[in-house]
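Per-entry structural report
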4 protein chains.
Amino acid sequence: MATGIWLIGARGSVAVTGLVGAAALRAGLAEPLGCVTELPELRSPALPALADLVFGGHDVADTPLVKKAESLVAAGVLPAGITAALGDELAAAERELRPVPVAGTQADTARLIAADIEDFRRRHDLERVVVVNVASTEPAVAPHPGHTDPASLAEALASTDTVLPASSLNAYAAFTAGCPFVDFTPSTGTRLPALAELALQAGVPYAGNDGKTGETLVKSVLAPMFAMRHLRVRTWSGTNLLGGGDGATLADPAANAAKTASKQRVLSETLGYRPEGTSLIQYVDDIGDFKTAWDLITFSGFLGTTMRMDFTWHGCDSALAAPLVLDLARLTAAAHAAGRSGPLTELAFFFKDPLGDVPHALHEQWAALTGFVRGLSDV
Amino acid sequence: MATGIWLIGARGSVAVTGLVGAAALRAGLAEPLGCVTELPELRSPALPALADLVFGGHDVADTPLVKKAESLVAAGVLPAGITAALGDELAAAERELRPVPVAGTQADTARLIAADIEDFRRRHDLERVVVVNVASTEPAVAPHPGHTDPASLAEALASTDTVLPASSLNAYAAFTAGCPFVDFTPSTGTRLPALAELALQAGVPYAGNDGKTGETLVKSVLAPMFAMRHLRVRTWSGTNLLGGGDGATLADPAANAAKTASKQRVLSETLGYRPEGTSLIQYVDDIGDFKTAWDLITFSGFLGTTMRMDFTWHGCDSALAAPLVLDLARLTAAAHAAGRSGPLTELAFFFKDPLGDVPHALHEQWAALTGFVRGLSDV
Amino acid sequence: MATGIWLIGARGSVAVTGLVGAAALRAGLAEPLGCVTELPELRSPALPALADLVFGGHDVADTPLVKKAESLVAAGVLPAGITAALGDELAAAERELRPVPVAGTQADTARLIAADIEDFRRRHDLERVVVVNVASTEPAVAPHPGHTDPASLAEALASTDTVLPASSLNAYAAFTAGCPFVDFTPSTGTRLPALAELALQAGVPYAGNDGKTGETLVKSVLAPMFAMRHLRVRTWSGTNLLGGGDGATLADPAANAAKTASKQRVLSETLGYRPEGTSLIQYVDDIGDFKTAWDLITFSGFLGTTMRMDFTWHGCDSALAAPLVLDLARLTAAAHAAGRSGPLTELAFFFKDPLGDVPHALHEQWAALTGFVRGLSDV
Amino acid sequence: MATGIWLIGARGSVAVTGLVGAAALRAGLAEPLGCVTELPELRSPALPALADLVFGGHDVADTPLVKKAESLVAAGVLPAGITAALGDELAAAERELRPVPVAGTQADTARLIAADIEDFRRRHDLERVVVVNVASTEPAVAPHPGHTDPASLAEALASTDTVLPASSLNAYAAFTAGCPFVDFTPSTGTRLPALAELALQAGVPYAGNDGKTGETLVKSVLAPMFAMRHLRVRTWSGTNLLGGGDGATLADPAANAAKTASKQRVLSETLGYRPEGTSLIQYVDDIGDFKTAWDLITFSGFLGTTMRMDFTWHGCDSALAAPLVLDLARLTAAAHAAGRSGPLTELAFFFKDPLGDVPHALHEQWAALTGFVRGLSDV
Ligand SMILES: NC(=O)c1ccc[n+]([C@@H]2O[C@H](COP(=O)([O-])OP(=O)(O)OC[C@H]3O[C@@H](n4cnc5c(N)ncnc54)[C@H](O)[C@@H]3O)[C@@H](O)[C@H]2O)c1
Ligand SMILES: NC(=O)c1ccc[n+]([C@@H]2O[C@H](COP(=O)([O-])OP(=O)(O)OC[C@H]3O[C@@H](n4cnc5c(N)ncnc54)[C@H](O)[C@@H]3O)[C@@H](O)[C@H]2O)c1
Ligand SMILES: NC(=O)c1ccc[n+]([C@@H]2O[C@H](COP(=O)([O-])OP(=O)(O)OC[C@H]3O[C@@H](n4cnc5c(N)ncnc54)[C@H](O)[C@@H]3O)[C@@H](O)[C@H]2O)c1
Ligand SMILES: NC(=O)c1ccc[n+]([C@@H]2O[C@H](COP(=O)([O-])OP(=O)(O)OC[C@H]3O[C@@H](n4cnc5c(N)ncnc54)[C@H](O)[C@@H]3O)[C@@H](O)[C@H]2O)c1
Ligand code: NA
Ligand code: NA
């Protein structure tokens, strides 16, 4: 049965790549490369089919989907000719996008957001709608008393204060509409006590944070390698050059800080100590959607001998992210169907900064993920 | 109780680094970095203590140990001052080394090898001796009817034919002396039906082949990463520049071929298909013991988008190999003590070209290894 | 006035990129990036204008130009939409291409080649035609007595022997037709005493060999840097991964050898000694026209301290080569107009394996080139 | 005849490497690798011999020379055993080092500095003394009216204001003592109108700024390569990881800014435009004296095709810098002997941020340098 994906940031690179890609897969124009839920180990009747996904969403921008898709073709993210081949599907998707509602209080804004989602669900007779945040990264949030518990939050939102950042307000709206929520961004999202509590009350699951698509993915296999071999990592220093919409946002040091911190967490978690070095993000407009990262790792082995490795990663961020958005929507929908609520810590595989006290080694996250999917099918 | 390590190639870089390193660890001069059996997950009372290892061995060369150790200091493999600090230990070890025996038939040679090992065991009242092959890589062996079964082998060895390459003759001698055997090289070693059968008859375990210390180690975590993310690897092409004794041997295309093949096996085994590209070894005298490898990987993701990564690995081969030799000797000794015989497929973690039909992903090999050690302790 | 370029290998990647690019420049669709004769330092009224170049040529293949151009678009070498934009120009160029003539003796074949060139010149009323070899790399040639001088050559060609490889037979035909000749390939071309003599007799200039477009270009500035800083290069080891038509040819060790040798020559010539290491070429189909090269350089400085650098070069071979073909045709035509004959050693800037005893440092070659162009204008 | 080098920052890494290295060369323990004045093209009787250099200097630190030298041995900058071999020379040099004088006004401090230099000259009967600044990088200087001309400066220095940063005060002292001055650092040094004027009045030459030893050196040959080939550089982004004393100073953003700016200047000067990207410096203690830099360069060629190269540079900063300090002292001494005063713009070859409106391409700087040395010999 049909499952909705409601995208926050629906006109952005990740969203449009995901939406166009799902249409291309449905049309048989491509193989589902990059979709982990299409691997033999994870395929499951408990997941909604790729072909059963229906897209809608909010965005503060109003660039037409087709125009955005064409710019992604020009950038080499989407294959040539795809917008022509999928003209009807894109037009249909365009009709499901809405401007971000504005109201006098955040409580009222949340009601309008929820109403848009409700309408979407009804229009398409969807079994459920998963709300996925792929909007621009926000700065860290300032503490507010309303963050503590659902009651204080409800009260605070009814004031004219800006209590919640957009990511969290969308999570709030999703929960009140009975929808699962996925945060693919490093923004605050569900990470406030009041929202965690609310999700449990609403009986909905959520997942996050910050999709793991490049340098951190590589770290999550290389750091365990050093650990398993008892090699001591001394320095791990990374530089990420990226352009695109997200790059421009991250050029803002405030947004950047959140991302940078989440990029080194995998090291201390898998090594048990914190090597020297940081992970930098630099905005270079010309680089566009194809990020280039360089990491230098120095390490000590037997009798203290110092050695080193470095790697460069030249990845298309949106092409890496989009299939994971589809995976997450399917997995979260299935979890909801199976009656799960609260944080889906078993989905750490997908995130740089996963919820809960979970392993950061990719293979351990993979084990958790395959166990999770098996569990769904057993239901 | 004391356990012997009998090294074939005892005056080579790996052997001397291992022997000096074990002495340095015993003297408290270094931490056991690089020794995986010293990780919390693998420490076990079932393993002989590092301090209880006693070294002896054969070599065709007669370079004094101290001289070889000094050249390893000059090359940056061993720390400055170590030969002075361990003068007595090195002198003692020197007394345990023997020239490779020569006799009219390989049967007689094997008897002399076994006798040297026996003497070593008796001299030091060792509970058991593990024979470890760290001699120069040999060319691939020519087929011979004697390889089929123990009886044909015994008969063939009694002739004046060269039936077995040195690695296999040493395995034969070890088995007839009741000793476990570890082959750290890509040479033939135990990989002949007659020897596999003989090990079972003798009730001794064996492990191999070809220590996994650099590029292949990295492959064994990166290839599974691509697989787990459903990214299709198109090209994986590697260049290995190395000098040192082993580099010179591998400059011989015949020896090189064996190594090169074993270096790509991890890809087809973990990906399920064979990407384009090869792994080259080039001898560059000036590079010495610090190998530099470069690998280029191109891969396709969502909607066919092509991406790439490359890495350089600048590792000290002997410093990476030596602690694994200590690990393998300890693990194989413990397996013998626990009554195991035949191939120790659970030790695939250590090898480029592991025995048996085993996983090649490092994390799966790690799971097998930790299970193996737990099993030993349960005994 | 109009100048012809007669391409040997006119349906290959370099030829078609050059031909399409010249049309695109004429149509104002692109800037002349990559064309060094369009730099302020080299622009000269003595050179035929880019817009005055007319293309024709021979090829053993019969792939239509448009089809080849489209495959270059798909490969990212030519921009999308270019074949549609230049439909008429490509159709016109197609009409100027001829199959490689075949006759009973090489003398007769040469006459037919010359006749095709003559026809081309007459059809378009060209002031002169420069013959440019961009055909597949040939294996090294076997010595033959006909190579010694023009008279022996004429006699030998009249026999049924295969006296000359295609590259040299084309040079011969060019010279007898009074045309200058450029060899952009590592093939033998003009490098036989008989042909050198013949060019002087015919009063025509020639240039070569082997266009310098990637790794060797970088070497020609980095090697002088080490020399000027009195740093001793110890190892310089390169790996070139390439696909495409040329890659497939070079997978043949015989053709490969010629290229590999010419790639290291720059080192001994600029450093004054030969560092360790080689430059490898490996064919990887998937890499296509975008070559990736990796070079490792180790060097010693003050008090013998060892240091290192490495670089990767990810270049589009045809996009780097094609504008140089246009440059070379213009420069060689102007030299001919100025009455030059014999080897144009001042064009070493363009070649991996330049004619004559010339400097290999790029800046010295640049000085020679600018001097050459100034000389032309002074005439 | 003997020439003095008075080092500001005489106990730092560059100074001590230079001082020990000069002694080692004099003792015949090493070849003069890294010393460009020992190349055939630059050897000249006009330069004081390496063996005729005598060292003295100031430092705010009091670490004994031998201790510093030993730490440089441990770091792999100086060869093992060198402090033992040069015990007497190091003891003699130690006796020539003085603490930085302090007085109530900067005028008085300058007089004390000059007096120390004078004493040094007299003690060793030196023909002349070249003052070389190799002290820690300073933050940019605040404007002060005293900077305008010698008269205002003299007046201001007599006040209790801090008018000049240390680098400039040392230049002032040098000039008043009739000594040439070399600024190897990115600090202000002579770059104030009053000091430029003063040097002319005193009839002494000076050189600077900021020794070119790594990433910028490579840039100064690669950027001209792109220019000569008419390839448009789009992005040039660099990351420099370094430890050591200088690294710690540069971790201070104020000092860092000066260095970062001077590192990109070569690009705009040789390309004629400013590509995107910046050059970052990051302090990583563990990296020590062996800096690792990574640069990514993207560029457009024929018909706009985008290509890329990257390089890593793993250089020992002090081993690269020290021989240049010796070169600069010899060249500046010879210029002084030849009657030169004011900025030695012909020494741009040595600097990241050269004085005057000079070429930044290394080969043009080399031409200027060789011309300069020839000019000296002609005198
Ligand atoms: N691409 C990756 O590999 C990757 C990986 C991890 C995380 N992410 C995160 O995913 C997010 C999207 O990345 P992108 O490359 O698509 O960025 P993008 O800039 O292309 O798209 C973001 C979209 O969000 C919209 N937006 C901004 N504020 C909004 C709001 N309050 N409500 C609704 N829409 C809003 C913008 O108008 C824009 O269309 C970013 O937060 C990024 O950090 C991406
Ligand atoms: N160092 C690593 O990282 C690594 C990794 C995997 C495998 N290996 C293998 O380990 C082996 C040793 O490597 P190394 O670097 O120490 O090489 P090495 O050349 O330094 O040492 C080999 C030693 O074996 C001796 N030898 C040769 N033939 C012999 C024989 N028939 N009997 C006894 N001794 C003999 C030689 O004299 C020499 O002393 C090689 O086969 C190598 O391929 C090493
Ligand atoms: N692309 C570069 O950067 C570069 C640099 C230096 C040299 N080169 C040389 O330029 C040449 C062309 O390279 P490419 O990439 O275009 O190769 P390609 O394989 O795409 O084209 C070669 C063409 O030559 C034709 N050909 C073969 N033999 C011929 C003959 N006897 N007469 C006429 N045509 C013949 C082939 O049919 C083909 O169309 C090669 O020799 C290559 O080594 C190229
Ligand atoms: N090493 C290189 O490759 C390189 C290249 C270009 C420039 N430089 C510059 O050379 C300088 C020295 O570098 P280093 O690596 O030797 O640094 P370092 O930190 O090892 O040495 C600097 C020395 O200067 C001393 N010092 C500081 N302030 C002083 C003052 N006011 N008077 C006298 N001494 C003072 C310090 O005590 C220290 O001993 C730095 O400014 C650096 O930026 C170095
Ligand atoms: Na790299
Ligand atoms: Na690199």
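Since we're looking at a predicted model, the values are computed, not measured.

Basis of the calculations
Residues numbered from 1 in each chain as written. Chains lettered and ligands numbered in written order. Predicted model: local features only at pLDDT ≥ 70, side-chain atom pairs only at ≥ 80, totals over all residues. Heavy atoms only, no water. Pairing = 2+ DSSP bridges. Helix = DSSP H or I, 4+ residues; strand = E, 2+ residues; numbered from the N terminus. Contact = heavy atoms within 4.5 Å. Axes fitted to C-alpha atoms, helices over the stretch in contact; angles between N-to-C directions. Buried area = accessible area lost by both parts, 1.4 Å probe. Salt bridge = Lys/Arg side-chain N within 4 Å of Asp/Glu carboxyl O. Polar contact = N/O pair within 3.5 Å; in protein donor to acceptor, adjacent residues only side chain to side chain. Core = buried A, V, L, I, M, F, W, Y, C linked by side-chain atoms within 4.5 Å. Buried < 20%, exposed > 50% of the residue type's maximum accessible area, 1.4 Å probe, protein only. Disulfide = S-S within 2.5 Å. pLDDT = per-residue confidence, 0-100. Least-squares fit on C-alpha atoms with pLDDT ≥ 70 in both.

Considering the sheet that holds strand β6 (residues 205–208) of chain A
Residues and elements named next belong to chain A. Strand order in the open sheet formed by seven strands is β3-β2-β1-β4-β5-β6-β11, with parallel pairing between adjacent strands. Strands with a single pairing partner mark the edges of an open sheet, and in this sheet they are β3 (97–99) and β11 (342–343). Summarising the sheet, β6 and β11 pair through two bridges and their orientation is parallel. Looking at β11, one finds that Y206 is bridged to P343. Against the sheet, helix α5 (residues 106–124) engages β1 (3–8), β2 (53–59), β3 and β4 (128–133), with an angle of about 155° to β2.

Focus on the interface of chain C and chain B
With 21 residues of chain C in contact, the opposing surface of chain B contributes 21 residues. Summed over both partners, the interface of chain C with chain B buries about 1,900 Å², with 54% contributed by carbon and sulfur atoms. Linking chain C to chain B there are two salt bridges. Taking the shortest distance from any N to any O, the salt bridge between R234 of chain C and D286 of chain B comes out at 2.6 Å. If you look at where chain C meets chain B, you find 17 residue pairs in polar contact (both at pLDDT 80 or more). Listing elements by their share of the side of chain C that touches chain B, those giving two or more residues are β7 (232–242), β8 (279–283), β9 (290–300) and β10 (306–316) of chain C. For the side of chain C that touches chain B, the element with the most residues is β7 of chain C, which contributes five residues.

Observations regarding the arrangement of the chains
When C-alpha atoms are compared, chain A and chain C, though not in contact, are closest at a spacing of 9 Å. Structurally, chain B and chain D remain out of contact, their C-alpha atoms never closer than 9 Å.

Considering the nonpolar core
In terms of nonpolar packing, the biggest core is built from 170 residues, with L222 and F226 of chain C together with L222 and F226 of chain D touching the most fellow members. In this structure, F226 of chain C is in contact with L231, V233, W236, L271, I297, F299 and M309 of chain C together with W313 of chain D, ignoring residues within four places of it in sequence. Core analysis: the next-biggest nonpolar cluster, separate from the first, contains 169 residues, A22, L303 and L344 of chain A together with A322 of chain B among them.

Description of the interface of chain A and chain B
Listed as interface residues are 62 residues of chain A and, on the opposing side, 62 residues of chain B. In this assembly, chain A packs against chain B so that about 4,900 Å² is buried in total across both faces, 71% of it on carbon and sulfur atoms. For chain A, the biggest contributors to the area lost against chain B are R229, F302 and L303 of chain A; these three give 20% of the whole. Counting across the interface, chain A meets chain B through two salt bridges. For the pair chain A and chain B, the number of links is 18 residue pairs in polar contact (both at pLDDT 80 or more). Those elements giving two or more residues to the side of chain A that touches chain B turn out to be α1 (13–26), α9 (215–228), β9 (290–300), β10 (306–316), α12 (317–337) and α13 (362–378) of chain A. Looking at the side of chain A that touches chain B, the element that brings in the most residues is β10 of chain A, giving eleven residues. Pairing of β10 of chain A with strand β10 (residues 306–316) of chain B involves seven bridges; the strand directions are antiparallel. Looking across to β10 of chain B, one finds that R308 of chain A is bridged to H314 of chain B.

Some remarks on the state of the cysteines
Note on terminology: disulfide describes a covalent bond linking the sulfur atoms of two cysteines. Tallied over the full model, the rule gives zero disulfides over all chains. Between C316 of chain C, a free cysteine, and C35 of chain C, which holds the nearest cysteine sulfur, the sulfur-to-sulfur gap is 14 Å.

As for the sheet that holds strand β3 (residues 97–99) of chain C
Read from one edge of the open sheet, seven strands run β3-β2-β1-β4-β5-β6-β11 (chain C), paired in parallel fashion. Single-partner strands in this sheet number two, and they are β3 and β11 (342–343) of chain C.

Thoughts on the pattern of salt bridges
Overall, the coordinates contain 64 salt bridges over all chains when judged by the stated rule. In this structure, K352 of chain C engages D210 of chain C in a salt bridge whose closest nitrogen and oxygen atoms are separated by 3.7 Å. With K352 of chain C in the loop between β11 and α13 (362–378) and D210 of chain C in the loop between β6 (205–208) and α9 (215–228), this pair connects stretches of sequence that are 142 residues apart. We classify K352 of chain C as buried; its relative accessible area is 5%. Linking R43 of chain D and E38 of chain D is a salt bridge whose minimum nitrogen-to-oxygen distance equals 3.8 Å. The exposure class assigned to R43 of chain D is exposed, which follows from its relative accessible area of 53%. The class for E38 of chain D is buried, based on a relative accessible area of 14%. Within the structure, one salt-bridge network assembled from shared partners comprises E118, D119, R121 and R122 of chain A.

Describing the side chain of R121 of chain A
Residues and elements named next belong to chain A. Inspection of the secondary structure puts R121 in helix α5. Assessed through its relative accessible area of 17%, R121 is described here as buried. The contact partners of R121, leaving out residues within four places of it in the chain, are L126, V129, A177 and C179.

Describing the confidence of the model for chain A
Reading predicted coordinates in detail is not appropriate for stretches of low pLDDT. Across chain A, the average pLDDT comes to 94, with 97% of residues at 70 or higher. Listed scores for the predicted complex are pTM 0.95 and ipTM 0.95.

Quick notes on the relation of the copies chain C and chain B
The two copies are related by a screw operation: chain C maps onto chain B through 180° of rotation and 0.0 Å of translation along the axis, at an RMSD of 0.0 Å. Between the two chains, the operation in question is that of a two-fold axis. A shared binding surface is used by both copies, with 100% of the interface residues of chain C retained as interface residues in chain B.

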